[in-house]
Amino acid sequence: MLWVIGINHKVDIDIRQKFSLTKTKLQEKLIDLKKLANEVIILNTCNRVEIYFFSEDYIDIEKIFTELGWDKKYMHLFYIHKDKDCIKHLFEVVCGFDSLIIGEEQIVAQVKEAKEISKLVGGKNPVLERLFEVALKCSKEFRTKSKLNEHPITIASVVGRVIKESNIKKVAIIGLGNIGFLFCNYFKNLDVDKVFLIGRKNEKIDQFVKLNPEKFGYYDKKEAILEAQCLICSTSAPHPVVHKDDIPEGKSLLIFDLAVPRDVDVEVYKLPNVKVIDIDQVHKMDTVNKEFRISKMQENYHIIDKYVDEFIDWLEFRQYKNLIMDMKKHAEQLCKMQVKKLKDFDNQEREKIEVLLLRIANLYIDRAVEVLREAHKEGSGEICSNLMRRIFLK
């Protein structure tokens, strides 16, 4: 059974942040959840926490909450999609339908990262990895046909437009991970005088400092906030990193808190000259080309349907996996038996003959598998598979 349990931006950030997982915590929970299901992938972003499962049986949601240490009083806020609905949901997510900023492309990298982290930490997930690979393939075609790549939209471009319209020239960024990099990349061509970088130095961010040291530079948090007109927060810290004491008394400051959990302490929101905009409010600023994006995305929704059907065909065909493996194993045994009967050949010649026989056998098996695939699509897969057992295994 293929299914997903999740919570997204439709639930208020104050509740949603209770379920956000740090990278370390995510890796720990992947291992824990593997006790409940054969395959698990966690997609954890500022807009959503989704856990994808592939298992023989459906797992009770209470068991999942217990394993994750989550408060069960919020269970009713989580959605569950099974089988085809689960597949369709992931494809819609990676294509940008379920994003706060419709059509944004950052989700593509986040889906890739979720797949890789799960593979690294939790071991093999053959079905879920295939699901995520097909989702990414679907996204690539969908975004090309919908011309989303010609009109790219990111959280950096939405926030950047507000900064430009507000005539802000000095910006501080706290949190130099993927979102921090996204903003640096955007600001390198934007008319701002100074970008104060707050956080650990890393190679990805260093390139901007080296390229334009007059614009980009690493600074202490208090020094940066003192000089900046705008502060962008995007750390992965499990607790606030910007407090009331960090803001000089009477200072005017625009803050974009893009982190989940929040980076900005609630007391900062109360400061008279400080305006804080959180991740859920940013989407209201998404107005440029929005109607065009929605129109083109709806127009090309059939691409998602195509890939959903393609994955379902692949998933259903897996029922013949053991048959195909048995056929290849039996062919290998037959080849070895026939080679043993050969006389007047040395060991090296026997090995070459065995390789040749096995290659020929696999060619016939591969052709038989294609016939089985065609029969399965036509609804006669069971009859065909029984016939193949009689031919190849008896």
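Just above sits the structure.
Keep in mind the model is a prediction, meaning the values are calculated, not measured. (Residues numbered from 1 in each chain as written. Predicted model: local features only at pLDDT ≥ 70, side-chain atom pairs only at ≥ 80, totals over all residues. Heavy atoms only, no water.)

Trainee: Explain the overall build of the protein chain to me, and be specific about the residues and the numbers.
Mentor: A tally of helices and strands in the protein chain yields 17 helices and ten strands. On C-alpha atoms alone, the protein chain measures out to a radius of gyration of 27 Å, which is more than a quarter above the 21 Å that the 2.2 N^0.38 rule sets for 394 residues. Its C-alpha atoms give the protein chain principal-axis dimensions of roughly 95 × 50 × 40 Å. Within the protein chain, the fraction of its 394 residues that count as buried is 49%. Taking as baseline every contact in the protein chain between residues at least 6 positions apart, the subset at least 24 positions apart corresponds to 68%. For the protein chain, the computed accessible surface area is about 20700 Å², with 50% contributed by carbon and sulfur atoms. Here the protein chain holds 65 positive side-chain charges and 62 negative ones, and the gap between their average locations is 3 Å. (Helix = DSSP H or I, 4+ residues; strand = E, 2+ residues; numbered from the N terminus. Rg over C-alpha atoms; globule rule 2.2 N^0.38 Å. Buried < 20%, exposed > 50% of the residue type's maximum accessible area, 1.4 Å probe, protein only. Contact = heavy atoms within 4.5 Å. Areas by Shrake-Rupley, 256 points an atom, 1.4 Å probe, with all protein chains shown as cover. Lys, Arg positive; Asp, Glu negative; His and termini not counted. Charge placed at Lys NZ, Arg CZ, Asp CG, Glu CD.)

Trainee: Residue-level account of the sheet that holds strand β10 (residues 274-278), with values.
Mentor: The strand order β7-β6-β5-β8-β9-β10 describes an open sheet built from six strands, whose pairing is parallel. This sheet does not close on itself; its edge strands, each paired only once, are β7 (216-218) and β10. Here the average twist between neighbouring strands, direction ignored, is 20°. Summarising the sheet, strand β6 (residues 194-198) and β7 pair through three bridges and their orientation is parallel. Bridge assignment links F196 to a residue of β7, and that residue is G217. Here helix α7 (residues 155-165) sits on the sheet and contacts β5 (170-174), β8 (230-233) and β9 (253-257); the angle it forms with β9, its principal contact strand, is near 175°. Here helix α8 (residues 178-187) sits on the sheet and contacts β5, β6, β7 and β8; the angle it forms with β5, its principal contact strand, is near 160°. (Pairing = 2+ DSSP bridges. Axes fitted to C-alpha atoms, helices over the stretch in contact; angles between N-to-C directions.)

Trainee: Hey, could you go over the nonpolar core for me, with residue numbers and the actual values?
Mentor: One finds I163, F183, F187, I232 and F256 to be the most contacted residues of the largest nonpolar core, which totals 37 residues. Of all the secondary-structure elements, those providing two or more residues to this core are α7, β5, α8, β6, α9 (203-211), β8, β9 and α12 (279-282). With six residues, α7 is the largest single contributor of residues to this core. Discounting chain neighbours no more than four positions away, the residues touching F187 are I163, V171, I173, V192, V195, K215, F216 and I232. Counting 36 residues, the second largest nonpolar core, distinct from the first, contains I41, L43, V94 and I312. (Core = buried A, V, L, I, M, F, W, Y, C linked by side-chain atoms within 4.5 Å.)

Trainee: Residues and numbers for the pattern of salt bridges, please.
Mentor: Scanning the entire structure with this criterion turns up 22 salt bridges. Linking K306 and E141 is a salt bridge whose minimum nitrogen-to-oxygen distance equals 3.0 Å. Of the two residues, K306 sits in helix α14 (residues 302-317) while E141 sits in helix α6 (residues 126-145), which places them 165 residues apart along the sequence. Since its relative accessible area comes to 42%, K306 is described here as partly exposed. Here E141 falls in the buried class, since its relative accessible area comes to 18%. Through salt bridges that share partners, K10, R48, E50 and D98 make up one connected network. (Salt bridge = Lys/Arg side-chain N within 4 Å of Asp/Glu carboxyl O.)

Trainee: If you had to explain the packing of aromatic side chains to someone new, which residues and values would you point to?
Mentor: What the rule picks out here adds up to 19 aromatic pairs. Here F19 and F65 contribute two aromatic rings whose centre-to-centre distance is 6.3 Å and whose plane-to-plane angle is 65°, an arrangement assigned as edge-to-face. With F19 in the loop between α1 (13-16) and α2 (23-33) and F65 in helix α3 (residues 61-68), this residue pair connects regions lying 46 residues apart in the sequence. Residue F65 is classed as buried on the basis of its relative accessible area, which comes to 0%. Three or more aromatic residues joined by ring pairs make a cluster, and in this case those are F19, F65, W70, Y74 and F78. The residue whose ring lies beneath K82 is Y58, and the NZ or CZ to ring-centre distance is 4.1 Å. Between the NZ or CZ atom of R373 and the centre of the ring of F317, over which it lies, the distance is 4.2 Å. (Phe/Tyr/Trp six-rings, centres within 6.5 Å; stacked < 30°, edge-to-face > 60°. Lys NZ or Arg CZ within 6 Å of the ring centre and 35° of its normal.)

Trainee: Explain unusual backbone geometry residue by residue, including any values.
Mentor: Comment: phi is negative for the bulk of residues other than glycine, and the bulk of peptide bonds are trans. At the junction of V260 and P261, the peptide bond is cis and its omega measures out at 5° in the coordinates. With respect to the helices and strands, P261 occurs in the loop between β9 and α11 (266-269). At D83, a position not held by glycine, the phi torsion is positive, near 50°. With respect to the secondary-structure elements, D83 resides in the loop between β4 (79-82) and α4 (84-94). Positive phi, normally seen in glycine, also occurs at K147, with a value near 60°. Note on placement: K147 falls in the loop between α6 and α7.

Limitation: the analysis is restricted to geometry and does not speak to function.
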